[in-house]
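Chain and residue survey
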Amino acid sequence: MMFRSILLITSFLASISVYAQVETLNQKASGYRGIWYFIGDTKNDYVYKYSGGLGTYPANHYPFSVYAPTVGRTFFCYGGVTDSSSRALCHMVGFFDHKTGMVSRPTLVLNKQTGDAHDNPVIQLDSQGYIWLFSTSHGTERPSFIHRSRKPYDISAFDRMEATRRDENGQTVPFNNFSYLQTYYQPGSGFFNLMTHYDRGVLPYGAKKPRRTISYITSPDGITWSAWQDIATIEEGHYQSSGQRGSRIGSAFNYHPNTKVGAGLDYRTNVYYVETDDFGKSWHTADGKPVQLPLKDTLNAALVKDYRKLGRNVYISDVNYDAANRPIILYVSSKGPEPGPQNGPYEWQVAHWTGKQWAIHAVAQSDHNYDMASLVVEGNTWRIIGSFEAGPQPFGTGGELTILESRNAGKSWKTVKAVTQNSVRNHAYPRRPVVAHPGFYAFWADGNARKPSASFLYFCNREGQVFQFPAEMKAEMEKPVLVGKN
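Along every chain, residues carry numbers that run from 1 in the direction the sequence is written. Owing to the predicted nature of the model, reporting of local features is limited to residues with pLDDT of at least 70; listing and counting of side-chain atom pairs is limited to 80 or more, with chain, interface and lining totals taken over all residues. Where side-chain values are given, they derive from all heavy atoms of the structure, hydrogens and water being excluded.

1. With respect to the pattern of salt bridges
Put simply, a salt bridge is a Lys or Arg side-chain nitrogen that is within 4 Å of an Asp or Glu carboxyl oxygen. For the structure on display, the rule yields 21 salt bridges. Across the salt bridge formed by Arg73 and Asp97, the nearest N and O atoms sit 3.3 Å from each other. Pair noted here: Arg73 is in strand β5 (residues 73–80) and Asp97 is in strand β6 (residues 90–97), with a separation of 24 residues, a long-range link. Using a 1.4 Å probe on the protein chains alone, a residue whose accessible area is under 20% of its type maximum counts as buried, one over 50% counts as exposed, and one in between counts as partly exposed. Residue class for Arg73 comes out partly exposed when judged on its relative accessible area of 22%. Note that Glu378 and Arg462 form a salt bridge whose closest N and O atoms lie 3.3 Å from each other. Of the two residues, Glu378 is situated in strand β28 (residues 373–378) and Arg462 in the loop between β34 (457–460) and β35 (466–468); the sequence distance between them amounts to 84 residues. Helix numbers and strand numbers start at the N terminus; a helix is a DSSP run of H or I with at least 4 residues, a strand a run of E with at least 2.

Structure representation (structure tokens):
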């Protein structure tokens, strides 16, 4: 316990030092350029475990864009760079005006002092129209930040919020470290954030290895936060993705077994799901059965599918809800973490709660674990936009984007639109906005999956027409560029 306390104190002091160095810049960037990032040199033909233009990475961050009908604008954020030769992660905010069809020059809110795309920001709007930017951190070595726009529906300037939370002893402490954040806002209640905190000294085989503990934390005003409440603490921890429909917020997550020696976080399996309808006061499974958090056992009431016994990895992309407000989980499974055909097929599936059971249906196949897709539900029509087709760097992160559609609750799917074609770089991590407007249906970046490259930002409308944000802007508002003939 003493060693764990020393580790926590050392990490806290280091993050405080960086916290003081990171300034709120509120500068106008010259245009839209995303960060190129990689992790894991695999020393084979595919070079990296994953890599490319990851300005809207990872799947466990949400949202990157929010439509505000009051002003007819979609506000968005991304991990950007000041020019294509830079690898310094900057947190950028922009908006697309649906009335004029023009995009703003992006505001550079801060330089995160890292090149790690795990520190990408997420964005949310409150009931007064203030824009909130949550700057995440990959672990405890760097601090996190919360900013709020100085004026409603205005990206000109942001102020850093000196947020606090309650610790496990009920004491008020700075809330300046959170990872893998998903933020939701409910008028009358405030912010509900799902997040990860890193716990060292809790695993039975070494204090230096952290458990990734998934939790939630709430705030009425974005400044004063509750204590975080753990959702699950199974073995080495979890990655969670989530969704919201009205007052319902649900978390779908996998887990890292601690029995496969040497595999570490590359071994992730199983699918679980829990939800709350009362802002975290109580939690239950999809069938309404109450659960006591945190979940601690691998076999529990929240288990959707046991992939561990099948020997398959699981990567969860998205969570949404059908017309009856029942959960749908979108994910990919594979034989292992290394890129390449040997771990295929990379199988995409949806798990749908029918009201009686979890029905699991095949969707498609792709060529990489970190291909990502977003699920949009409009009545009885389900649409998925994702990197299902091989791109110019096959078996690399991303590829060519397509839109798939199902009109029978996910039982069968057909391709209705090839969104990108004949690309130079792979397209990756298409993200659906909160309350998506038909004119801004998904938002993503491109990048070379084999070597460092420029990365550009794009969005598409519901018909699948693609527009590129201008990399260099001469005016404060400009028209995005229509890509191709689609």
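We are not done yet, so read on.
2. Overview of the sheet that holds strand β14 (residues 172–174)
Following DSSP output, two strands are said to pair if at least two bridges run between them. Spatially, β14-β13-β18 is the arrangement adopted by the three strands of the open sheet, whose pairing is mixed. Of all the strands in the sheet, the pair left with one neighbour each is β14 and β18 (224–225). In terms of strand pairing, strand β13 (residues 164–166) meets β14 through three bridges, oriented antiparallel. The residue of β14 that forms the bridge with Arg166 is Thr172.

3. Quick word on the sheet that holds strand β15 (residues 179–186)
Taken in spatial order, the four strands line up as β15-β16-β17-β19 in an open sheet, and their pairing is antiparallel. Each end of this open sheet is capped by a strand with a single partner; those strands are β15 and β19 (229–232). Each adjacent strand pair in this sheet contributes to an overall mean axis angle of 30°, direction not counted. All axes are obtained by fitting lines to C-alpha atoms, using only the stretch in contact for helices, and the reported angles, taken between N-to-C directions, cover 0 to 180 degrees.

4. Side note on the side chain of Thr107
Relative to the helices and strands, Thr107 resides in strand β8 (residues 107–111). The class of Thr107 is buried, set by a relative accessible area of 0%. Polar side-chain contacts of Thr107 include one of 2.9 Å to the side chain of Lys28. In protein, a polar contact requires one atom able to donate a hydrogen and another able to accept it; more generally it is a pair of N or O atoms within 3.5 Å, and residues adjacent in sequence count only if both atoms are side-chain atoms.

5. Observations regarding the side chain of His118
Along the chain, His118 falls in the loop between β8 and β9 (121–125). A distance of 3.3 Å separates a polar atom in the side chain of His118 from a polar atom in the side chain of Tyr37.

6. Comments concerning the packing of aromatic side chains
Centres within 6.5 Å make a pair out of two Phe, Tyr or Trp rings, where for Trp the six-membered ring is used; the pair is then stacked when the planes are under 30 degrees apart, edge-to-face when over 60, and tilted otherwise. Under the defined criterion, the tally for this structure stands at 48 aromatic pairs. Consider the rings of Phe134 and Phe178, whose centres lie 6.5 Å apart with planes at 65°: the pair is edge-to-face. Of this pair, Phe134 sits in strand β10 (residues 131–135) while Phe178 is found in the loop between β14 and β15, placing the two residues 44 residues apart along the sequence. Judged by its relative accessible area of 0%, Phe178 falls in the buried class. Between Tyr255 and Tyr272 the ring centres are 6.2 Å apart and the planes differ by 75°, which places this aromatic pair in the edge-to-face class. Of this pair, Tyr255 sits in strand β21 (residues 248–255) while Tyr272 sits in strand β22 (residues 269–276), and the two are 17 residues apart along the sequence. These aromatic residues form a ring-pair network of at least three members: Tyr32, Phe76, Tyr78, Phe96, Phe440, Phe443, Phe459, Phe467 and Phe469.

7. Some points on the nonpolar core
In terms of nonpolar packing, the biggest core is built from 53 residues, with Phe75, Ile231 and Phe469 touching the most fellow members. A total of five residues in this core trace back to one element, the largest contributor, which is β6. Here, residues are in contact when the closest pair of their heavy atoms is within 4.5 Å. Ignoring sequence-local partners within four residues, the contact set of Phe75 consists of Phe64, Ser65, Val66, Ala68, Gly94, Phe95, Ile123, Leu125, Ile131, Tyr153 and Ile155. Core analysis: the second largest hydrophobic core is formed by 29 residues, Leu89, Ile328, Val332 and Ala428 among them. Working definition of a nonpolar core: buried Ala, Val, Leu, Ile, Met, Phe, Trp, Tyr and Cys residues. They are joined through side-chain atoms within 4.5 Å.

8. Here we look at unusual backbone geometry
For residues besides glycine, phi is generally negative; the peptide bonds are generally trans as well. Looking along the chain, the bond that leaves Tyr62 and enters Pro63 is cis, with omega of -5°. Position of Pro63 among the secondary structure elements: in the loop between β3 (48–53) and β4 (65–68). At the junction of Leu293 and Pro294, the peptide bond is cis and its omega measures out at 0° in the coordinates. Its location among the elements puts Pro294 in the loop between β22 and β23 (303–305).

These figures come from the coordinates and say nothing about function on their own.
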